[in-house]
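# A structural walkthrough
Residues per chain are reported as follows:
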Amino acid sequence: MNLRWLLRQAALLFAVLVIVSPVILFFVWMLSLSVKYEIDNAAYPPILIPERFAWKNYIDVLESNRFSTYFVNSLLVTGTATGLALLVGVPAGYGIARMKAAKAAVVILVARITPGLSYLIPLFLLFQWLGLLGTLWPQIIIHLVVTVPIVIWIMIGYFETTPLELEEAAVIDGASRWQVFRHVALPIAKPGIAVAMILAVIFSWNNFVFGIVLAGRETRTLPVAVYNMISFDQLSWGPLAAAALIVTLPVLVLTVFAQRQIVAGLTAGAVKGG
């Protein structure tokens, strides 16, 4: 029994290392690139830990002309798109789950797995006709195409596994459907809402294609700012890696601080009525 348990633990550890180690390696290598001078980045054999650190790579990125503008744009687009997605997606997920609307759930699934590029051309023509190109609104609206199905799909699965007894008791006591949703279902669904919010933030914050096609010079987001650092004449790996890490940092911090909510949301409802 002990030998079998040790073998299972060893297999689990090996699987975790195989899955996680490439991600850690890429992150460590990007961190190494971001604190090295270009002469060290071009050295052979490669240098992981340099003798001197080029902290100026981060300073140059933060002091660039439009980086702060792009950061604010990303906050506005991601925050608005996530907020609207939760405002629409949570009640929609609850309604679909309680009405057992299988056809509506299939539509949401199709919208979820359809590539965002499929919506880009018709929406681009629509925004061009409305004269909105170059503003933040096209990006916010098209991000909803991605975030709303994510939120609805997660909340459908979550509400389907939450107990109905409390809601039925509230209905017997005279509560309306809206009161049941607001005072009974929503508090129970907080872990699921946290997971939906974090995933919506990640998908919206990291989106690149929508920003580069729909945004103007002053309304681009951070992923586009990183792309703009690539030129045909010269590619500076240090500032580029520093910018990529700065873009990744807000989502990474959010995930770390909300990891308890993520775990609770992913595991809650595994046993119906639990």
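None of these values were measured; they are calculated from a predicted model.

Conventions and cut-offs
Residues numbered from 1 in each chain as written. Predicted model: local features only at pLDDT ≥ 70, side-chain atom pairs only at ≥ 80, totals over all residues. Heavy atoms only, no water. Helix = DSSP H or I, 4+ residues; strand = E, 2+ residues; numbered from the N terminus. Expected span 1.5 Å × (residues − 1). Bend = angle between axes of the 7 residues up to and from the residue. Phe/Tyr/Trp six-rings, centres within 6.5 Å; stacked < 30°, edge-to-face > 60°. Lys NZ or Arg CZ within 6 Å of the ring centre and 35° of its normal. Axes fitted to C-alpha atoms, helices over the stretch in contact; angles between N-to-C directions. Parallel < 35°, antiparallel > 145°, perpendicular 65-115°, else oblique. Contact = heavy atoms within 4.5 Å. UniProt positions renumbered as here; feature names shortened; annotations may be inferred. Left-handed = near helix turned anticlockwise from the far one by under 90°. Nonpolar A, V, L, I, M, F, W, Y, C, P; charged D, E, K, R; others polar.

Moving on, we come to helix α4 (residues 67–99). Along its 33 residues, α4 runs 47 Å from first to last C-alpha, staying within 8% of the 48 Å computed at 1.5 Å per residue. In α4, a bend of some 25° at Leu86 exceeds every other bend along the element. Just downstream of α4, Lys100 is the residue with a positive phi angle, here 55°.

Next up on the list: the packing of aromatic side chains. All told, the structure shown has 6 aromatic pairs when counted by the stated rule. For the pair Phe53 and Trp55, a centre-to-centre distance of 5.7 Å together with 20° between the ring planes defines the contact as stacked. Taking 5.7 Å as the distance between ring centres and 40° as the angle between the ring planes, the aromatic pair formed by Trp178 and Phe181 counts as tilted. Here Trp178 and its partner Phe181 are both found in helix α9 (residues 177–188), 3 residues apart, which amounts to about one turn of the helix. Among the aromatic residues, ring-to-ring pairing joins Tyr94, Tyr158, Phe159, Trp178 and Phe181 into one connected group. The side chain of Lys36 reaches across the aromatic face of Trp29, ending 4.7 Å from its centre.

Moving on, we come to the packing of helix α10 (residues 190–205) against helix α13 (residues 237–257). In the contact formed by α10 and α13, the axes pass within 11 Å of each other and the chain directions differ by 175°. Taken as axis vectors, α10 and α13 run roughly antiparallel relative to one another. Along its contact with α10, which presents Ile198, Val201, Ile202 and Trp205, the element α13 presents Val247, Pro250, Val251, Leu254 and Thr255.

Locating Glu63 in the fold gives a position in the loop between α3 (56–62) and α4. When the C-alpha positions of Glu63 and Val90 are compared, they lie 39 Å apart, and in sequence the two are 27 residues distant.

So, on to the UniProt feature "transmembrane region" (unreviewed entry) in the chain. Within this structure's numbering, the places UniProt gives as "transmembrane region" (unreviewed entry) are residues 12–31, 70–94, 106–130, 136–159, 192–215 and 235–257. Between the C-alpha atoms that bound residues 192–215 there is a distance of 32 Å. The span itself is 83% helix and 0% strand.

On to the packing of helix α6 (residues 117–130) against helix α7 (residues 137–159). For any two helices packed against each other, the geometry comes down to the angle between their axes and how far apart the axes lie. Remark: α6 packs on α7, axes separated minimally by 11 Å, with the N-to-C direction vectors making an angle of 150°. Of the possible angle classes, the one that applies to α6 and α7 is roughly antiparallel. Considering the relative orientation of α6 and α7, their crossing is right-handed. Where α6 abuts α7, its residues Tyr119, Leu120, Leu123 and Phe127 lie against Pro138, Ile141, Ile142 and Val145. Tallied by class, residues from the contact of α6 with α7 come to 8 nonpolar, no polar and no charged.

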